[in-house]
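Per-entry structural report
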Amino acid sequence: MPTITFRQPDGAELRVDAPVGTSVMKSAVGADVPGILAECGGQAMCATCHVYVTDDRALPPVSDEEDEMLDCASAPRTGHSRLSCQLVVDEDMDGLTVLVAGEGP
Amino acid sequence: MTTAPATADITLDALDADPYPVFRRLRAEDPVAWVPAAGRFLVTRHEDVLAVERDQRTFSSVEEGSLMNRAIGPTLLRQDGDAHRRLRAAAEGPVRPRAVKERWLPRFRRNADALVDGLVERGRADLVADFAGPLAAANLGALLGLPAATPADVQSWSQAFIDGCGNYADDPEVWQRCADAVRTVDEAVDDAIPFLREHPDDSVVSSMLHAADPLTDEEIRTNVRIFLGGGVNEPRDAISVAAYGLLTHPDQRVDVLSGRTPWKAVFEEAVRWVAPIGMYPRQVVRDTELAGRRLSAGDRIGVVVSSANRDERVFDDPDAFDVRRPAGPHLAFGGGPHFCLGTWVARASIAGIALPALFGRLPGLELTDPDAVRMAGWVFRGPLALDTTWSS
Ligand code: FES
């Protein structure tokens, strides 16, 4: 099973097993990763699952809904911003590290 | 079932008057407490509320003998899974952030300005009855696509539905008023549908008609009722609590008016402090355990978000209204698949428009008698009235 590492703004890291086909958000919530509140349960409606992905491996493109919701995130949006609920885990994600955005500064 | 003796004393009247001391005790002593007066297990800690919201396969929104279903029919709020998803998807377009910002904000601003224009000269008003309520109703009527409905109609329908959904006393007069409101709303929707079918616009009813998987007329009639039930009290109470909070905390008001603290923080703190919807029901569909309490299929749960929002494990000094507290994970909008559809409408129309209009255009706004302000309710909660004066 792929593993994904969630890094907190303070540098703390948690490595989590992420079943293929579920969302990156679900694997974070299942492991109680702090800062991924995922209020809306993965509907691209709350922006509380915001992460930064700097790894340049291919991720699916940002949809319109994800795009508008990222504009509403409380931490600043950057070119690396994604909603983790919109990222579906596949084998290629094994070893990926994502930075939890949380509430921002 | 073991009943902790302490919870047998909890009365609905006490919860109505001030639920927070009761919830504080339950969080400490009995976080999933059987409360006989409510006929439910009340889930009061933040972490357990989150767990319930994230697991709709164990904690279902479909409740047997639901008063809400009896009052207003099987709306999306009492459905789960694909059935719920379909209804929600059809309604969601107009309330997503971009549509709110681009298409609805100008309208919401006109509504707020018109109300304040009517107030300025008067020098005094009850901010609940004269501003927050009519504004919430005017915005909602427009958003739904029921242009013929007046704000007074919208408010009275909404109240009739809410009273019906909470008619635990089985009062026949309440059922009658609710049934009358259902009939009038159905007529208003039936009047709106033919035009919107031919002339799609940015409204919710239009969105339901023209969705990729469109709703039937009957589904539209039914689900408009839940928008009416949930779309007036909540923004009204959020505006009122925010105004009350600032009016009773002058230092925070100065901070906000000078721009040091954003209006967004005022709104989020208001709904954290006094969640407009304090409790909503769930039903256990398979045996489970929550915070050490064994629950069986069929048990009824009350998800007490107003208590989760004051959980001392998550928020420092949780009973204090403090717009400067760091943004935290309050649960006023619920969570999971039923996450409040009106979230972005409320944020934009209240933090962006209603509160700045109120405090910006009524110079010297103050409460006539801060000690006279009363809040009531534990399922829904907000100030009953906010009598204020300003220099006109
Ligand atoms: S969980 Fe709400 S947007 Fe991702």
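Looking at an unreviewed UniProt entry, one finds chain B named Cytochrome P450, with Pseudonocardia broussonetiae as its source organism.

Per an unreviewed UniProt entry, chain A is named 2Fe-2S iron-sulfur cluster binding domain-containing protein, and its organism is Pseudonocardia broussonetiae. Per UniProt, chain A carries the Cofactor (unreviewed entry) text "[2Fe-2S] cluster". Word for word, the UniProt comment on chain A under Sequence similarities (unreviewed entry) is "Belongs to the adrenodoxin/putidaredoxin family."

Here we take up the side chain of Arg40(B). With respect to the element layout, Arg40(B) can be found in strand 2 (residues 40–43). Arg40(B) has contacts with Ala33(B), Trp34(B), Val35(B), Glu63(B), Tyr168(B), Met279(B), Pro281(B), Arg282(B), Arg300(B), Ile301(B) and Gly302(B), leaving out every residue within four places of it along the chain.

As a further point, take the pairing of strand 5 (residues 279–284) of chain B. Taken residue by residue, a regular strand's side chains alternate between the two faces of the sheet. All names here are of chain B. Along strand 5, six of the six residues are buried, which leaves the element largely enclosed by surrounding structure. On strand 5, burial covers both faces: Met-279, Pro-281 and Gln-283 on one face and Tyr-280, Arg-282 and Val-284 on the other are all buried. Where strand 3 (residues 59–60) meets strand 5, two bridges bridge the pair, whose relative direction is antiparallel. The residue of strand 5 that forms the bridge with Phe-59 is Val-284.

In this section: the interface of chain A and chain B. Taken together, the contacts link 18 residues of chain A with 20 residues of chain B. Between chain A and chain B, roughly 1700 Å² of surface is buried when both sides are summed, and carbon and sulfur atoms account for 51% of that area. Applying the counting criterion to the chain A and chain B interface returns four salt bridges. A salt bridge links Arg98(B) to Asp71(A); its shortest N-O distance comes to 3.7 Å.

To continue, consider the sheet that holds strand 2 of chain B. The mixed open sheet is built from five strands, whose spatial order is 1-2-8-5-3 (chain B). Sheet topology places strand 1 (32–35) and strand 3 of chain B at the edges, where each strand pairs with a single neighbour.

All names here are of chain B. Overall, the coordinates contain seven aromatic pairs over all chains when judged by the stated rule. The rings of Tyr-244, Trp-273 and Phe-321 are connected pair by pair, giving a single aromatic cluster. The ring of Tyr-20 has Arg-310 sitting right over it, with the charged end atom 3.5 Å from the ring centre. If you follow Arg-347 out to its NZ or CZ, it ends over the ring of Trp-344, 4.7 Å from the centre.

Residues and elements named next belong to chain B. Along its 18 residues, helix 8 (residues 127–144) runs 24 Å from first to last C-alpha, staying within 8% of the 26 Å computed at 1.5 Å per residue. Maximal helix bending in helix 8 amounts to about 25°, located at Pro-134. With a side-chain oxygen lying 2.9 Å from the backbone nitrogen of Val-128, the N-terminal cap of helix 8 falls on Asp-126.

Our focus in this paragraph is the environment of Ala188(B). Position of Ala188(B) relative to the elements: it lies in helix 10 (residues 172–198). Along the chain, Ala188(B) and Leu146(B) lie 42 residues apart, while their C-alpha atoms are 6.8 Å from each other.

Turning our attention to the pairing of strand 2 of chain B. Residue and element names in this part refer to chain B. Residues of strand 2 alternate between two faces, with Arg-40 and Leu-42 on one and Phe-41 and Val-43 on the opposite face, all of them buried. Pairing between strand 1 and strand 2: four bridges, direction antiparallel. When the bridges of strand 2 are listed, Val-32 appears paired with Val-43. Adjacent in sequence and paired antiparallel, strand 1 and strand 2 are bridged by four residues, among which Gly-39 carries a positive phi angle near 65°.

A positive phi angle, near 55°, is found at Asp32(A), a position not held by glycine. Its location among the elements puts Asp32(A) in the loop between helix 1 (24–30) and strand 3 (50–52). Residue classification places Asp32(A) among the exposed residues on the basis of a relative accessible area of 60%. A positive phi angle, close to 50°, is found at Ala291(B), a residue other than glycine. Tracing the chain through its elements places Ala291(B) in the loop between strand 6 (288–290) and strand 7 (293–295). Using a relative accessible area of 42% as the deciding quantity, one classes Ala291(B) as partly exposed.

Now for the pattern of salt bridges. For the coordinates displayed, the defined rule picks out 41 salt bridges over all chains. Here Asp319(B) ties to Arg24(B) by a salt bridge, and the two come within 2.9 Å at their closest N and O atoms. Here the residue Asp319(B) occupies a position in the loop between helix 16 (305–308) and helix 17 (343–361), and Arg24(B) occupies one in helix 3 (residues 20–29), the gap between them amounting to 295 residues. What makes Asp319(B) partly exposed here is its relative accessible area of 30%. Overall, Arg24(B) belongs to the partly exposed group, its relative accessible area being 38%. A single network of salt bridges, built from pairs that share partners, joins Glu65(A), Glu68(A), Arg88(B), Glu92(B) and Arg96(B).

Thresholds applied
Residues numbered from 1 in each chain as written. Chains lettered and ligands numbered in written order. Predicted model: local features only at pLDDT ≥ 70, side-chain atom pairs only at ≥ 80, totals over all residues. Heavy atoms only, no water. UniProt positions renumbered as here; feature names shortened; annotations may be inferred. Helix = DSSP H or I, 4+ residues; strand = E, 2+ residues; numbered from the N terminus. Contact = heavy atoms within 4.5 Å. Buried < 20%, exposed > 50% of the residue type's maximum accessible area, 1.4 Å probe, protein only. Pairing = 2+ DSSP bridges. Buried area = accessible area lost by both parts, 1.4 Å probe. Salt bridge = Lys/Arg side-chain N within 4 Å of Asp/Glu carboxyl O. Phe/Tyr/Trp six-rings, centres within 6.5 Å; stacked < 30°, edge-to-face > 60°. Lys NZ or Arg CZ within 6 Å of the ring centre and 35° of its normal. Expected span 1.5 Å × (residues − 1). Bend = angle between axes of the 7 residues up to and from the residue. Polar contact = N/O pair within 3.5 Å; in protein donor to acceptor, adjacent residues only side chain to side chain.

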